[in-house]
Amino acid sequence: MNLLIYELKKIWNWRMIVIIGVMGVLVWFTFLKDSLDSYDSLSKYGIYGSYQNEMFELYGDILDSEELDSYDIPGKKAEVIEELNDIISTESIFKENNITTYEEYVMFHEEISNASVRIVDEEKGSELLTIMQEKLENNAQSLEELYASPLNKLHALITLEGTYIFYKDYLQTRYIDNDSRPVVVQAANHILDINNGNLIRYDLTSNFSNYVAGIGVFSLISITILIAPFLTMDRMWGVNLIQYSSHVGRKIFSIQLVVTIFSAVFLSFLLIVLAYIPFMANGAIDYWEASVMAFHPGPGGLQLYDITFGQYACLLAGIVILFNLCAATFTFVLARFSQNIIVMMMKIVPFCIATAGLLIISVNDVFSDENLIFNLLFQGKARFSEVLFGTIMGIVGLVIVWYLTKREKHVDVD
């Protein structure tokens, strides 16, 4: 026990802790805070405007057919179109171009935009459409005014309508009839069965997975910084040779491995919890019990599994911890065979870059049909393939370091 405590004190060097703390502050202000601010902004300025959030507040996380009828998306569209018609009737630029309704404006817009039709020259036509659009946006001067304008409200309602009313044909033709990935087809069929009635924020999983990717890379680097000097310094000063001269000293390498694994898991868990708190406090906790399985035309693709956001967040944390465990074990091995800090850095920096890259592509758009690990490595055939890949990475690291530990008991120190 005394040896264990002593090795723990060695690895948890206060200088390394300060460095990790300073890095954490920099990462927060340069990446994580921006990601959090972006998530907050999309609650009002996303593809649905504020409509989807309003529906969630009214009906909870599941939308049934009666609630959909009650919300009356077509009626809201008609009201907004009337607002647009009022603007068109009072603005001279529309009268000059014989436009009296929003429908006529749409036809005029398509005609001008069509490269095969040259009513006016391209530059003049583009300028004309820009002026008309600004009028329909009430000459908005801020992002808030822009999204409150009739034109943007109509676009949001059309997108909302496509998601909750006219989604079946798209799912059928895009996924069920033409997608060769069995897990994706199964998910699309399930979404049809539940009428795509999930009101979880469309951008939540995409934003959160991107946020966690940043956490994962930072925690991986932090663990490497914490562990890398641990064995290398012993070898620089020949401490290991003195330890290995006795039977008890031969056990120290195994104790160092236990300390490494414990420290990696503990630091990973601590950093994940600290980073999760502000994101959850920013409104994401409201969706903790909501299923993430849904189809949206926005970022993140098709969510493939009927799990809650809470389970999604925990699985993401698990993937990060598995990668960090892999990084810790490989760092332990590389440090064992490094005689000084310079040699250690030459080995560990490329390893960190490669592992961080694998972590990012595993976590970004995780559990969706757009995830690269799911598509490239498992060809869309394995459920929870990102967790499986992370588990393989963790096991490989443990097996290699276990073999090294066995070998170390009999290594020649002469």
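Structure report, in brief.

Thresholds applied
- Residues numbered from 1 in each chain as written.
- Predicted model: local features only at pLDDT ≥ 70, side-chain atom pairs only at ≥ 80, totals over all residues.
- Heavy atoms only, no water.
- Helix = DSSP H or I, 4+ residues; strand = E, 2+ residues; numbered from the N terminus.
- Expected span 1.5 Å × (residues − 1).
- Buried < 20%, exposed > 50% of the residue type's maximum accessible area, 1.4 Å probe, protein only.
- Salt bridge = Lys/Arg side-chain N within 4 Å of Asp/Glu carboxyl O.
- Phe/Tyr/Trp six-rings, centres within 6.5 Å; stacked < 30°, edge-to-face > 60°.
- Patch = residues over 30% accessible without salt bridge, like charges linked within 9 Å, V, L, I, M, F, W, Y side chains within 5 Å.
- Areas by Shrake-Rupley, 256 points an atom, 1.4 Å probe, with all protein chains shown as cover.
- Axes fitted to C-alpha atoms, helices over the stretch in contact; angles between N-to-C directions.
- Parallel < 35°, antiparallel > 145°, perpendicular 65-115°, else oblique.
- Left-handed = near helix turned anticlockwise from the far one by under 90°.
- Contact = heavy atoms within 4.5 Å.
- Nonpolar A, V, L, I, M, F, W, Y, C, P; charged D, E, K, R; others polar.

**Overview of helix H17 (residues 341-363)**
- Look at H17: 31 Å from first C-alpha to last across 23 residues, which is about the 33 Å you get at 1.5 Å a residue.
- Of the residues making up H17, those classed as buried are Met-344, Ile-348, Phe-351, Cys-352, Thr-355, Ala-356, Leu-359, Ser-362 and Val-363.
- A positive phi of about 50° marks Asp-365, the residue just after H17.

**Quick look at the pattern of salt bridges**
- Within this structure, the stated rule accounts for 7 salt bridges.
- Across the pair Glu-83 and Lys-153 runs a salt bridge whose closest N-O atoms are separated by 3.7 Å. Of this pair, Glu-83 sits in helix H5 (residues 73-90) while Lys-153 sits in helix H10 (residues 150-164), placing them 70 residues apart in sequence.
- For Lys-153, a relative accessible area of 22% puts it in the partly exposed group.
- Between Glu-91 and Lys-135 there is a salt bridge, with the nearest N and O atoms lying 3.7 Å from each other. Linking Glu-91 in the loop between H5 and helix H6 (92-95) with Lys-135 in helix H8 (residues 122-136), this pair joins segments that are 44 residues apart in sequence.
- Using a relative accessible area of 23% as the deciding quantity, one classes Glu-91 as partly exposed.
- Given a relative accessible area of 24%, Lys-135 falls into the partly exposed group.
- Put simply, Arg-174, Asp-179, Arg-181 and Asp-369 are held in one network by salt bridges that share partners.

**Some remarks on the packing of aromatic side chains**
- In total, this model carries 23 aromatic pairs according to the counting rule given.
- Look at Tyr-102 and Tyr-105: their rings are 5.8 Å apart centre to centre, the planes differ by 35°, and that puts the pair in the tilted class. Within this pair, Tyr-102 and its partner Tyr-105 are both found in helix H7 (residues 102-113), separated by 3 residues, close to a single helical turn.
- On the basis of relative accessibility, which here comes to 12%, the residue Tyr-102 falls in the buried class.
- According to the relative accessible area criterion, Tyr-105 is buried, its value standing at 4%.
- Each ring, one from Tyr-312 and one from Phe-367, has its centre 5.7 Å from the other, and the planes form 75°; the classification is edge-to-face. A residue pair is termed long-range when its members are at least 10 positions apart, and Tyr-312 in helix H16 (residues 309-336) and Phe-367 in the loop between H17 and helix H18 (372-377) qualify at 55 residues.

**Looking at the environment of Gly-24**
- Topologically, Gly-24 is positioned in helix H2 (residues 14-45).
- Using a relative accessible area of 22% as the deciding quantity, one classes Gly-24 as partly exposed.
- In the structure, Gly-24 is positioned 195 residues away from Ser-219 in sequence and 9.0 Å away in space, judged by C-alpha atoms.

**What to know about a nonpolar patch on the surface**
- Together, Phe-262, Phe-266, Phe-269, Leu-270, Val-273, Leu-274 and Ile-277 give the surface a local cluster of nonpolar side chains, amounting to about 660 Å² of exposed area.
- Relative to the elements of secondary structure, Ile-277 occurs in helix H15 (residues 252-281).

**What about the packing of helix H11 (residues 168-176) against helix H12 (residues 182-193)?**
- Packing of H11 against H12 brings their axes to within 10 Å, and their N-to-C directions diverge by 165°. With respect to their mutual orientation, H11 and H12 come out roughly antiparallel. The crossing of H11 and H12 is left-handed. On H12, the residues touching Lys-168, Leu-171, Gln-172, Tyr-175 and Ile-176 of H11 are Val-184, Val-185, Ala-188, Asn-189, Ile-191 and Leu-192.
- Class assignment of the residues belonging to the contact of H11 with H12 gives a composition of 8 nonpolar, 2 polar and 1 charged.

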